[in-house]
Amino acid sequence: MTTNRSDEVIFAVSDGVLLLDVAGPVQVFNDAGGYRVRLASPDGQPVRSDVGISLSVDLALSDPDLDVDTLVVPGYPRRSSGVLGSALVDRLRELAPRARRVVSVCTGAFLLAEAGLLDGRRATTHWDACAEFAARFPGVTVEPNAIYVRDGSIVTSAGVTAGIDLALALVGEDQGEDRARAVAKHLVVFLQRPGGQRQFSVPGAAPAPRNPTVRRALDLVAADLSADHRLATMAAGLAVSERHLTRLFRRELGSTPAQFVERLRVEAAQARLESGDAIVREIAKACGFGSQETMRQAFLRVLGVAPSAYRNRFRLAGHRPVADPQTQG
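The rules behind each value
- Residues numbered from 1 in each chain as written.
- Predicted model: local features only at pLDDT ≥ 70, side-chain atom pairs only at ≥ 80, totals over all residues.
- Heavy atoms only, no water.
- Pairing = 2+ DSSP bridges.
- Helix = DSSP H or I, 4+ residues; strand = E, 2+ residues; numbered from the N terminus.
- Contact = heavy atoms within 4.5 Å.
- Axes fitted to C-alpha atoms, helices over the stretch in contact; angles between N-to-C directions.
- Buried < 20%, exposed > 50% of the residue type's maximum accessible area, 1.4 Å probe, protein only.
- Lys, Arg positive; Asp, Glu negative; His and termini not counted.
- Salt bridge = Lys/Arg side-chain N within 4 Å of Asp/Glu carboxyl O.
- Polar contact = N/O pair within 3.5 Å; in protein donor to acceptor, adjacent residues only side chain to side chain.
- Parallel < 35°, antiparallel > 145°, perpendicular 65-115°, else oblique.
- Nonpolar A, V, L, I, M, F, W, Y, C, P; charged D, E, K, R; others polar.
- Core = buried A, V, L, I, M, F, W, Y, C linked by side-chain atoms within 4.5 Å.
- Phe/Tyr/Trp six-rings, centres within 6.5 Å; stacked < 30°, edge-to-face > 60°.

### Comments concerning the sheet that holds strand 10 (residues 148–151)
For step 1, the next point in the chain: The mixed open sheet is built from seven strands, whose spatial order is 5-2-1-6-7-11-10. A single partner strand is all that each edge strand has here, and the edge strands are strand 5 (59–60) and strand 10.
For step 2, the next point in the chain: Pairing between strand 2 (residues 36–41) and strand 5: two bridges, direction parallel. Bridge pairing in strand 5 places S41 opposite A60.
For step 3, the next point in the chain: Packed on one face of the sheet, helix 1 (residues 19–32) meets strand 1 (8–12) and strand 2 and runs near 175° to strand 1.

Written out as structure tokens, the structure is:
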């Protein structure tokens, strides 16, 4: 297939670029065929990846004759994403209007935001960087559970291997779903990954609230997840109104009491699904969901996957699935 401008895929790279953010999408485009994939650095010089492997570069981003249809911006370690210097960000700002579409992989979204390309848009990045991203760029609407987000001509993707998902989606857009499916099968990956990226996040401790009423509420929930933690019950036990308690939770934790309780229960169930062999309905009861169906709905809301699917993906080695014919979690 003869190359033309519509085939040109340019990866904008600089020292410290995450190797897999480059290699994964490059492999997809290469296997799909019909693209000319090239790496470009601000000065046209080779770059060293985050793991120390050097990457040869085809041209400089400052080349005035550079043709680009798809501009790909890989990610960098978060400690360096804000200190790469203005050269790369300036080049991105200049090149973006010349591209049909601009895409980022993982923390590459930070560079697009620094260049002002995401102002007023929806975007995503690695789940572990979403909070920092939202704080640094309040003009961007962050979608932390998305594998990739398309807003106009700009597409941002989640962490690391999500760049493969994104590249497959672009191949499907350009060459059809059948071609994208064939590439996905060859690479032994999902054409469309089930669930969002929250299923890969690490459950973390709740932030320490400043308000003593909220701290007491969190202690009560953590002490017994299976207890009655409905809003009316919590408010009565804390001697405050339901409205006031909801307002405190939103201010201190950014969620309602019900959402927070659900998240803690999901995290507790995640740990049990990963490390034990208890059947799903027993886990649901122990974690306070009341029924397996309630837990399944909570998992779908919070993680985007059902409990049984989560267990199949993240079960620790050495544990065998336990048959539970009465469940479909």
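### Details of the side chain of R265
For step 1, the next point in the chain: Secondary-structure assignment places R265 in helix 11 (residues 257–275).
For step 2, the next point in the chain: The charged side chain of R265 is buried without a salt bridge, its nearest counter-charge being D228 at 6.5 Å.
For step 3, the next point in the chain: Within the structure, R265 has its side chain in polar contact with the backbone oxygen of G288 (distance 3.3 Å).
For step 4, the next point in the chain: Ignoring sequence-local partners within four residues, the contact set of R265 consists of L225, S226, A227, H229, C287, G288 and F289.

### Here we look at the packing of helix 8 (residues 212–223) against helix 10 (residues 242–253)
For step 1, the next point in the chain: Relative to each other, helix 8 and helix 10 sit at 90°, their axes nearing to 10 Å. Comparing the axis directions of helix 8 and helix 10 gives the class roughly perpendicular. Across the interface between the two elements, T213, V214, A217 and L218 of helix 8 pack against L245, L248, F249, E252 and L253 of helix 10.
For step 2, the next point in the chain: In terms of residue class, the contact of helix 8 with helix 10 is built from seven nonpolar, one polar and one charged.

### Considerations on the environment of P257
For step 1, the next point in the chain: Looking at the secondary structure, you find P257 in helix 11.
For step 2, the next point in the chain: Sequence-distant contacts of P257, that is, excluding residues within four places in its chain, are made with L231, M234, L245, T246 and F249.

### Section: the side chain of S14
For step 1, the next point in the chain: Within the secondary structure, S14 is located in the loop between strand 1 and helix 1.
For step 2, the next point in the chain: With sequence-adjacent residues up to four places away left out, S14 is seen in contact with P42, V47, R48, Y76 and L88.

### Remarks on the nonpolar core
For step 1, the next point in the chain: Ranked by internal contacts, the top residues of the largest apolar core, which has 61 residues, are I10, F11, V13, F29, L71, L118 and F133.
For step 2, the next point in the chain: Beyond its immediate stretch of four places on either side in the chain, I10 contacts R38, A40, L59, L61, L66, D67, V68, T70, L71 and V72.

### Topic: the packing of aromatic side chains
For step 1, the next point in the chain: By the definition in use, this model includes seven aromatic pairs.
For step 2, the next point in the chain: Judged by centre distance (6.1 Å) and plane angle (75°), the ring pair of F110 and F137 falls under edge-to-face. Linking F110 in helix 4 (residues 108–114) with F137 in the loop between helix 5 (130–136) and strand 9 (141–142), this pair joins segments that are 27 residues apart in sequence. One exposure class covers both F110 and F137, and it is buried.
For step 3, the next point in the chain: Measuring from centroid to centroid gives 5.1 Å for F133 and F137, while their planes differ by 55°, and the two rings are tilted.
For step 4, the next point in the chain: Relative accessible area serves as the criterion here: at 0%, F133 is assigned to the buried category.

### A short note on the pattern of salt bridges
For step 1, the next point in the chain: Evaluation of the coordinates by the stated rule reveals 21 salt bridges.
For step 2, the next point in the chain: Residue R100 is joined to D174 by a salt bridge in which the shortest nitrogen-to-oxygen separation is 3.4 Å. Taken as a pair, R100 in the loop between helix 3 (86–95) and strand 7 (101–104) and D174 in helix 6 (residues 162–175) lie far apart in primary sequence, 74 residues in all.
For step 3, the next point in the chain: Looking at R100, the relative accessible area reads 40%, which means it is partly exposed.
For step 4, the next point in the chain: By relative accessible area, which is 31% here, D174 ends up partly exposed.
For step 5, the next point in the chain: Between R230 and D228 there is a salt bridge, and its shortest N-O distance comes to 2.8 Å.
For step 6, the next point in the chain: Taking relative accessible area as the criterion, D228 reaches 35% and is therefore assigned partly exposed.

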